[in-house]
Amino acid sequence: MAAGNEWINGYLEAILDAGAKLRPQGVQLPPLEPAPALAAEESSAAYNPTRYFVEEVVRSFDEQALHKTWTKVVAMRNSQERSNRLENLCWRIWNVSRQKKQVEWDYSREVARRKLEQELGSREAAEDLSELSEGEKDITTTKPDAAPALPSAEAHADDGEHQQPQPRTRLARINSEVRLVSDDEEEQTKKRNLYIVLISIHGLVRGENMELGRDSDTGGQVKYVVELARALAATAGVHRVDLLTRQISCPDVDWTYGEPVEMLERLSSADADADDDGEQSGGGAYIVRLPCGPRDQYIPKEELWPHIPEFVDRALSHVTEVARALGDQLQPPPPAAGDGAAAVAAAPIWPYVIHGHYADAAEVAANLASALNVPMVMTGHSLGRNKLEQLLKLGRMPGPEIQGTYKIARRIEAEETGLDTAEMVVTSTKQEIEEQWGLYDGFDLMVERKLRVRQRRGVSSLGRYMPRMAVIPPGMDFSFVETQDTADGDGADLQMLIAPDKAKKALPPIWSDVLRFFTNPHKPMILALSRPDPKKNVTTLLKAYGESRQLRELANLTLILGNRDDIEDMAGGGGAVLTAVLKLIDRYDLYGQVAYPKHHKQTDVPHIYRLAAKTKGVFINPALVEPFGLTIIEAAAYGLPVVATKNGGPVDILKALHNGLLVDPHSAEAITGALLSLLAEKSRWVECRRNGLRNIHRFSWPHHCRLYLSHVATYCDQPSPHQLLRVPLGLASSTSFGADESLSDSLRGLSLQISVDASSDLNAADSAAAIMDALRRRPASEKPASSARALGFAPGRRQSLLVVAVDCYGDDGKPDVEQLKKAIDAAVSAGDGAGGKQGYVLSTGMTIPEAAEALKACGADLASFDALICSSGAEICYPWKELAADEEYAGHVAFRWPGDHVKSAVPRLGSVEEIALAIDRPACSVHCHAYAATDASKVKKVDSIRQSLRMRGFRCNLVYTRACTRLNVIPLSASRPRALRYLSIQWGIDLSKVAVLVGETGDTDRERLLPGLHRTLILPGMVAHGSEELLRGDDGYTTADVVAMDSPNIVTLAEGQPASDLLKAI
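Residues numbered from 1 in each chain as written. Predicted model: local features only at pLDDT ≥ 70, side-chain atom pairs only at ≥ 80, totals over all residues. Heavy atoms only, no water.

**Structural notes on unusual backbone geometry**
Of note, the phi angle at His381 is positive, near 65 degrees, even though the residue is not glycine. Here His381 lies in the loop between strand E6 (376-379) and helix H13 (384-394). Even without glycine at this site, Leu462 takes up a positive phi of about 55 degrees. Its location among the elements puts Leu462 in the loop between helix H17 (445-457) and strand E8 (468-471). (Helix = DSSP H or I, 4+ residues; strand = E, 2+ residues; numbered from the N terminus.)

**Thoughts on empty space enclosed by the protein**
Under the criterion given, the structure shown has 10 cavities of 30 Å³ or more. Computed from the structure, the largest cavity encloses a volume of approximately 720 Å³. What lines the largest cavity is a set of 37 residues, among which Asn367, Asn957, Ser975, Arg978 and Arg1008 lie closest to the centre. Residue assignment for the lining of the largest cavity shows that the elements contributing at least two residues are helix H11 (308-330), helix H12 (358-372), helix H15 (408-421), helix H34 (942-951), strand E22 (956-961), helix H35 (976-987) and helix H36 (1006-1009). Of the residues belonging to the lining of the largest cavity, the class tally is 17 nonpolar, 7 polar and 13 charged. (1 Å grid on protein atoms, 1.4 Å probe; cavity = no way out; pocket = protein on both sides within 12 Å on 5 of 7 lines; lining within 4 Å. Points joined across faces, edges and corners; volume = space filled by probe spheres on them. Nonpolar A, V, L, I, M, F, W, Y, C, P; charged D, E, K, R; others polar.)

**Here we look at the packing of aromatic side chains**
On inspection of all chains with the given rule, the structure shows 8 aromatic pairs. Seen in terms of ring centroids, Tyr224 and Trp701 are 5.7 Å apart; in terms of plane orientation they differ by 45 degrees. Their pairing is tilted. Highlighted residues: Tyr224 in helix H9 (residues 220-233) and Trp701 in helix H28 (residues 701-715), separated in sequence by 477 residues. Across the pair, Trp701 and Tyr224 agree in class, each one buried. For the ring pair Tyr889 and Tyr982, a centre distance of 4.9 Å and an interplane angle of 65 degrees mean the geometry is edge-to-face. Linking Tyr889 in helix H32 (residues 887-893) with Tyr982 in helix H35, this pair joins segments that are 93 residues apart in sequence. For Tyr889, a relative accessible area of 1% corresponds to the buried category. Counting every residue linked through ring pairs, the aromatic cluster contains Tyr609, Phe619 and Tyr638. Residue placement shows Lys387 over the ring face of Tyr406; its charged tip is 4.8 Å from the ring centre. Over the ring of Tyr1037 we find Arg410; its NZ or CZ atom is 5.6 Å from the centre of that ring. (Phe/Tyr/Trp six-rings, centres within 6.5 Å; stacked < 30°, edge-to-face > 60°. Buried < 20%, exposed > 50% of the residue type's maximum accessible area, 1.4 Å probe, protein only. Lys NZ or Arg CZ within 6 Å of the ring centre and 35° of its normal.)

Here's what the structure looks like:
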């Protein structure tokens, strides 16, 4: 096969040679079919020349170097064994190449399909939003709550400094409404007592001695969130910051990661003095570690997905308790209801914002924000769609293998969920908005701008929503920068280093390690600092330096490229990069002019910057694409002018700092010109240095926090007091009560005494909250005798709950009364003998009238159920009170509900060809659009419909129920799991005291009912016809990525085992 091409044969023989050298050491050739996993390659402990040559054959790179290898191989090859080995190897590599082309083809088709769908959705939304009706035009100038367009709004976008008029660009309106909190407002701000929740789940998170680089999950994000928590806690007006992360009690990691709470920052002295009692009242910054998943294992982020619901439940409990405690400490209680009555407890201080970092934490934040009705912010750090694009372009792994290794579909859906809920998305650069977030269904820049215009004019957004993108560069801690580092007298330290006997103080050892490479250490230094990655483009920098005689005569070059012991032992592409660097140094004879030390510590980095600044040098970042450019900011802090790539974050950084030049990283000539310009022109060097030092405050943590809080205040809609979640003061009491006790005695610390009966006379001066609370509990004392409840326990005062969520339907979509009765009987029999301490809830996709009718058909007493969760979580009713939806819950889930605007779009977007969805008007309600599905084969799956709605700016939950015969479209905040947690908070029942009964299959939201802190009992044989076939396509994630079926909280009833016995046991 390969006999006709001796050149390729030589490449293959080079592979065989490399394999022969490795095999005596026990190393085998890597399998070429299927393609090797990228994760395995990245974790390889040794530089693998076999892989290097295979990739060169497939990708046709560096042909000259390979040709030299072939020449050597041909001269030394044993001819007898040549043909068979070459033919076999050639076929294997050809197969890899063929697979790569197939992956590329599949990827290009998927990209084209998504692009077409996105353009269609964007165009449709834009057309709807473009024109204002006559009525809308009339109110654009009279809308009272419209945001005014301030004349100086554009000036505030850049910290209020004077800016020259700029031509309008594609993103000209981004951040145009943001106004920083002024110094005059700080006194008023200090009284705000804000509570902020940050979430970063994966990795090893602690405040001191962070193990950055220990693994791929413990990197820059860990440092960022810890420093952000500290900085926010030190900001005026912020009382407490909680950084929630996973608790790890594992022998493989330090014991500190198992500590439940770690204090990061105490409350500032000014804020502490403001407290009446002089105490800190729980203020400051804390790392709060919550267990989820296996407690004795440190697992990578790709394996955390099934355990996210458990983390959400624990976070919800923690935040609720802290909010209640802060309310008691910081807020004065409302006045007493009347003579002789105790004061009502203060309202909780709910989080001002919940901020999720990375996809996993974004999903947690979305669930918490929806449950508590507070604003959510997210930061992607790195994005799943961008990673998927890169992996598919490499062609090493097919789509299913990528999904199995990286859980990429699960990660992308978590990011889309974050976009659905987030009020604001924090990015580092504008490029991240266009090139990364623009790949997502949930964000379209054109639609977002049109929605912003309509909002500013005070007109309807037609039910559509896009999150606001805020460019807020990461903050940095400049406390370690020595202020005496000035240009004057910089040569003194160097002279001491050159003449050590004259040195009066110890100089950093890293200076000696660098300067020993140079023949003339007095020259200015060109500094490049990065990991040895081909994308960092160090070889182009070396070529530019080697080919410019002026540059070599003018300056030395220092390359800090990570740490190494032996290049051949380096993993990934680092060894190849360093090998290329050494070859280029030799080719251009740069010995004595280029430094490339083998080792440096993290603490040495500041000294390296100082050394470059003292030589009046320049820092360069020549990366092909730089997402942000933290090293550019670090260099500016030490007074180094910079040359940076024009692709990515450096564009925004240099626009703010004005301390350097942007270049095309592919052009060696452009790099040479920029370096010469800064090094040779002393006046420009001094100007850039001064500009960098003068403007570096824009990247400090105090500035970052002020900008962050200004964006939150501008973009995030804070709920009104009546919209905030109402919670009891504590969990239900574990003892029974007498007939003369208050209905509220079961709630910790609440001494409100109100008697509500037929002769009651509510005082007009009573607290509205107290009156409503009493009215909600009124039916508890009027319970029918058939309920057989013990005196003192009633709905809202239980100690535990049994939730029947078994979706029993026939193939026609009607309730299967026989099976439903079995499930209800099992639950009721488990509660026998509980003395009224256990309540019952029915959770279903049916409407309230349908659920009531089904219960009556089962012979169940409606009054024996504490609540009915109906319409897939869109409604809650209390049948012991009345068969009507709870208005308070309806207001809670109304968040971002598009209402009638989405009603007509669903049948068109949800049908495969001809319209197969028809509005089921009897099943519709205020917060549920119900559609009858005539044929399950003619309707699209939930993930496909949700994607189309997201592209048009509609944010909804979709659930197929009644054996695929009905589609419920409900608000984003509504679902059966969230309704259950709403009741848990309202009634003060810990989720560990809740048991949920489900079938082996069910509605499309069944998998979301399984995980969490509650107990789940799966009843086999109860459900004959489910709807889960319409949940996701074949290329989506699996149920195993949503719920850990091996969790001790999930139990499947064994054949012949009575459900009541098992329920009593759990």
